[in-house]
Amino acid sequence: AQSVTQPDIHITVSEGASLELRCNYSYGATPYLFWYVQSPGQGLQLLLKYFSGDTLVQGIKGFEAEFKRSQSSFNLRKPSVHWSDAAEYFCAVVPPSGDAGNNRKLIWGLGTSLAVNP
Amino acid sequence: NAGVMQNPRHLVRRRGQEARLRCSPMKGHSHVYWYRQLPEEGLKFMVYLQKENIIDESGMPKERFSAEFPKEGPSILRIQQVVRGDSAAYFCASSLQGQENSPLHFGNGTRLTVT
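Nothing here was measured: the structure is a model prediction, and the numbers come from that model. (Residues numbered from 1 in each chain as written. Chains lettered and ligands numbered in written order. Predicted model: local features only at pLDDT ≥ 70, side-chain atom pairs only at ≥ 80, totals over all residues. Heavy atoms only, no water.)

Asks: Go over the pairing of strand 4 (residues 31–37) of chain B, please, and point to the residues and values.
Replies: Residues and elements named next belong to chain B. The buried fraction of strand 4 is high, at seven of seven residues. In strand 4, alternate side chains face the same way, and those of H31, Y33, Y35 and Q37 on one face and V32, W34 and R36 on the other are all buried. Sheet topology note: the strand 4/strand 5 (residues 43–50) ladder contains seven bridges and is antiparallel. Counterpart to Y33 in the pairing with strand 5 is Y48. Counted along the chain from strand 4 to the antiparallel partner strand 5, the turn is five residues long, and its residue E40 has a positive phi close to 60°. With seven bridges joining them, strand 4 and strand 9 (residues 88–95) adopt antiparallel strand pairing. In the strand pairing of strand 9, R36 is matched with Y90. (Buried < 20%, exposed > 50% of the residue type's maximum accessible area, 1.4 Å probe, protein only. Helix = DSSP H or I, 4+ residues; strand = E, 2+ residues; numbered from the N terminus. Pairing = 2+ DSSP bridges.)

Have a look at this one:
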């Protein structure tokens, strides 16, 4: 079945340490890829997205993600984590079909909860 | 605030009552999506609307749930005769267009608690 997998449910890192959150998808073709962040009690905010082109994409808040076709992955990274980065991170994909309205087909991973130790 | 506005932020209803959740999309956006986030589950698509039209309600429960997006005013998600299983966070998102390359902008959600 087509799906999005975030293998890590919870991750704890120390402030200042580097971070990598994993995301894998299982689609035949390259989907559109997104990372969203949900801070406690808040809605989801788009961190970055990949449609085509350069496989390393830069996002907001110092985050970046790298698309690796061979591994069907789109891992999120940050060189140095801040305490304010503690949140839930969601990877999401939209299968590319060319049909209008495909935003409703956004498939979400279950999320990775990030805790940051001082 | 030019973002997606949802209200109320928190809503408590007793079993059997009706819940009304409102969503005002970003200015200029005519596409609205409703998602439900159950505890320890991912976001699930419920319904996709454009002004005055329901485009896709394939994710909506067949009974008790309805949605509208009138020509004027916010989009409304209505849940009649609520049950405890309806307790969840309901998120609204809007986009400029409906295509996959038109990113979604989310509201802060309405957290519904059914007692």
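Asks: For the layout of surface pockets, give the residues involved together with the corresponding values.
Replies: Taken as a whole, the largest pocket holds about 480 Å³ of empty space. Taken together, 28 residues line the largest pocket, and the ones lying closest to its centre are E88, F90 and L110 of chain A together with Q37 and E40 of chain B. When residues of the lining of the largest pocket are traced back to their parent elements, those giving at least two are strand 1 (4–5), strand 10 (87–94) and strand 12 (112–117) of chain A together with strand 9 of chain B. Each residue belonging to the lining of the largest pocket can be placed in one class, and the counts come to 12 nonpolar, 12 polar and four charged. Taken as a whole, the second largest pocket encloses approximately 300 Å³ of empty space. Forming the walls of the second largest pocket are 17 residues, and the residues nearest its centre are G3, V4, F106, G107 and N108 of chain B. Ranked by the residues each element gives to the lining of the second largest pocket, the list is headed by strand 6 (residues 44–50) of chain A, at three residues. (1 Å grid on protein atoms, 1.4 Å probe; cavity = no way out; pocket = protein on both sides within 12 Å on 5 of 7 lines; lining within 4 Å. Points joined across faces, edges and corners; volume = space filled by probe spheres on them. Nonpolar A, V, L, I, M, F, W, Y, C, P; charged D, E, K, R; others polar.)

Asks: Outline the pattern of salt bridges, listing residues and values.
Replies: Evaluation of the coordinates by the stated rule reveals seven salt bridges over all chains. For E18 of chain B, the salt bridge is made with R20 of chain B, and the minimal N-O distance between the two is 3.1 Å. Note that R64 of chain B is salt-bridged to D86 of chain B, the shortest N-O span being 2.7 Å. Placement of the pair is R64 of chain B in the loop between strand 6 (53–56) and strand 7 (65–68) and D86 of chain B in the loop between strand 8 (75–79) and strand 9, with a sequence separation of 22 residues. Overall, the relative accessible area of 25% leaves R64 of chain B in the partly exposed class. Shared partners join several salt bridges into a network, and the residues in it are E64, E66 and R77 of chain A. (Salt bridge = Lys/Arg side-chain N within 4 Å of Asp/Glu carboxyl O.)

Asks: Any chance you could break down the packing of aromatic side chains for me, citing the residues and the numbers?
Replies: Residue and element names in this part refer to chain A. Inspection of every chain in the model, using the stated rule, returns 15 aromatic pairs over all chains. Ring centres of F90 and W108 lie 6.3 Å apart, and the angle between their planes is 85°; this geometry places the pair in the edge-to-face category. Of the two residues, F90 is situated in strand 10 and W108 in strand 11 (residues 107–108); the sequence distance between them amounts to 18 residues. With respect to burial, F90 and W108 carry one shared label: buried. (Phe/Tyr/Trp six-rings, centres within 6.5 Å; stacked < 30°, edge-to-face > 60°.)

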